[in-house]
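Each chain is listed here by its residues.
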Amino acid sequence: MTVESTAARKPRRSSKRTSAAKTPAKTTEGAGPQLVQLLTPEGDRVEHPDYEIDLSADELRGLYRDMVLTRRFDAEATALQRQGELGLWASLLGQEAAQIGSGRALRDDDYVFPTYREHGVAWCRGVDPTNLLGMFRGVNHGGWDPNTNNFHLYTIVIGSQTLHATGYAMGVAKDGADSAVIAYFGDGASSQGDVAESFTFAAVYNAPVVFFCQNNQWAISEPTEKQTRVPLYQRAQGFGFPGVRVDGNDVLACLAVTRSALERARRGEGPTLVEAFTYRMGAHTTSDDPTKYRADEERVAWEAKDPILRLRAYMEKQDLADAAYFTALEEESEALGKRVREAVRAMPDPDRLAIFDHAYADGNPLVDEERAQFAAYQASFAEEGN
């Protein structure tokens, strides 16, 4: 499996060097709302009057590596589910730029509240990829200590993490810290009451939180136009804070916009809603079949906007990486896939009684009684086998 096996094609190296000069940005997509873009689907750098970013060749190669390895890990997890090694998997295919760009905008002391699809953000926060898979294999209830990386456990309940993020951000403000909080959610979650409540509290209390909505066009089988009559980023206006729509397949724009929103939060200027306009290339989860509700032509059109291919095209046009770099990254990605595969298959079965240990911090007589009953129930199977 290659690092870009899910892409339609690899960009060809131009026979003619393109100039590094930047052209004015296209701030609209067709006749639609404004869209912040710094890197076109063809791999050309453009300018934006409000968002600028200047990265070194090493930093650009780092972003590309992040996206490639995240996609490779995601592909391996999908394959493991198909082989019966995982119970379920939520792929991020196509959303790598939104996650890596926003993830790399964070400082170490910022705090992240993810959904269940932020594998790229977890990568940026230093969470070992294998730790993401324990819950989906059914051997633990999360797999990592949130405070080690300031990356909260995955949240399955749709939209509830925005409330947790807002409350945490309110606490950050009361403590007088200059760190920020970011909450990830999807376009489907934007219809949840929890999200609206979090917007209200964040605005009223001027909480240092960034609401990062990955609008991948489909809430399972429900298209965005069935959920809202206005672009999602414009909802922020009704709550009294700014919103911005960014090209979610442009890692540079996602980095610049998120960095700006986080800095605004740290300055005490309150929340921002960032809508990363992207596309879910695969299924909602491995239990879903997207061919039943969307046309192949739509997916093909978005393949031309692939976030990895556009950054590679730019790097090749500017001679920022040679063949040796891409070959080495290919080998690194295959090594990552092998490590993940072996780690998942080696995961031990969970202690069936461990779930009772975390119900209360100091124990509880009722929980103790339930633990004893369940232990006796489990022991009965061993007795029947003798």
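Cut-offs and rules
Residues numbered from 1 in each chain as written. Predicted model: local features only at pLDDT ≥ 70, side-chain atom pairs only at ≥ 80, totals over all residues. Heavy atoms only, no water. UniProt positions renumbered as here; feature names shortened; annotations may be inferred. Phe/Tyr/Trp six-rings, centres within 6.5 Å; stacked < 30°, edge-to-face > 60°. Helix = DSSP H or I, 4+ residues; strand = E, 2+ residues; numbered from the N terminus. Buried < 20%, exposed > 50% of the residue type's maximum accessible area, 1.4 Å probe, protein only. Lys NZ or Arg CZ within 6 Å of the ring centre and 35° of its normal. Pairing = 2+ DSSP bridges. Axes fitted to C-alpha atoms, helices over the stretch in contact; angles between N-to-C directions. Contact = heavy atoms within 4.5 Å. Salt bridge = Lys/Arg side-chain N within 4 Å of Asp/Glu carboxyl O.

The name an unreviewed UniProt entry gives the protein is Pyruvate dehydrogenase (Acetyl-transferring) E1 component subunit alpha, with Streptomyces argenteolus as the organism. Under the heading Cofactor (unreviewed entry), UniProt records this for the protein: "thiamine diphosphate".

Colleague: What's the story with the packing of aromatic side chains in this structure? I'm lost.
Modeller: The way to describe two aromatic rings as a pair is by their centre distance and the angle between their planes. Taken as a whole, this structure holds 25 aromatic pairs when the rule is applied. A centroid spacing of 5.2 Å and a plane angle of 80° characterise the contact between Phe 199 and Phe 239, whose relative ring orientation is edge-to-face. Of the two residues, Phe 199 is situated in helix α7 (residues 193-204) and Phe 239 in helix α8 (residues 235-239); the sequence distance between them amounts to 40 residues. Residue classification places Phe 239 among the partly exposed residues on the basis of a relative accessible area of 29%. For Lys 305, the ring lying beneath its charged end belongs to Trp 302, and the centroid distance is 4.1 Å.

Colleague: Quick question: what am I supposed to make of the sheet that holds strand β9 (residues 272-277) here?
Modeller: Strand-to-strand pairing in sheets goes through backbone hydrogen bonds, with the strands running parallel or antiparallel. Here we have five strands laid out as an open sheet, ordered β3-β4-β5-β9-β8, and parallel in their pairing. Every other strand in the sheet has two partners, leaving β3 (111-113) and β8 (243-247) as the edge strands with one partner each. Each adjacent strand pair in this sheet contributes to an overall mean axis angle of 20°, direction not counted. Relative to strand β5 (residues 209-215), strand β4 (residues 181-186) runs parallel, the two being bridged by six bridges. Paired with Phe 185 across the two strands is Cys 213, which belongs to β5. On top of the sheet, helix α2 (residues 96-103) reaches β4, β5 and β9; it is set at about 165° to β5, its chief contact. Those strands touched by helix α6 (residues 160-175) are β3, β4 and β5, and its axis lies near 170° from that of β4.

Colleague: Explanation requested: the pattern of salt bridges in the structure shown.
Modeller: Here the idea is simple: oppositely charged side chains can pair when their charged atoms come close. Per the counting criterion, the structure on display carries 25 salt bridges. Here Asp 58 makes a salt bridge to Arg 61, at a shortest N to O gap of 2.3 Å. Here Asp 58 and its partner Arg 61 are both found in helix α1 (residues 57-82), three residues apart, which amounts to about one turn of the helix. Under the relative-accessibility criterion, Asp 58 is labelled exposed at 54%. Classification of Arg 61 by relative accessible area gives partly exposed; the value is 21%. Measuring nitrogen to oxygen at the nearest pair gives 3.2 Å for the salt bridge that ties Arg 107 to Asp 178. Of this pair, Arg 107 sits in the loop between α2 and β3 while Asp 178 sits in the loop between α6 and β4; the two residues are 71 residues apart in sequence, bridging distant segments of the chain.

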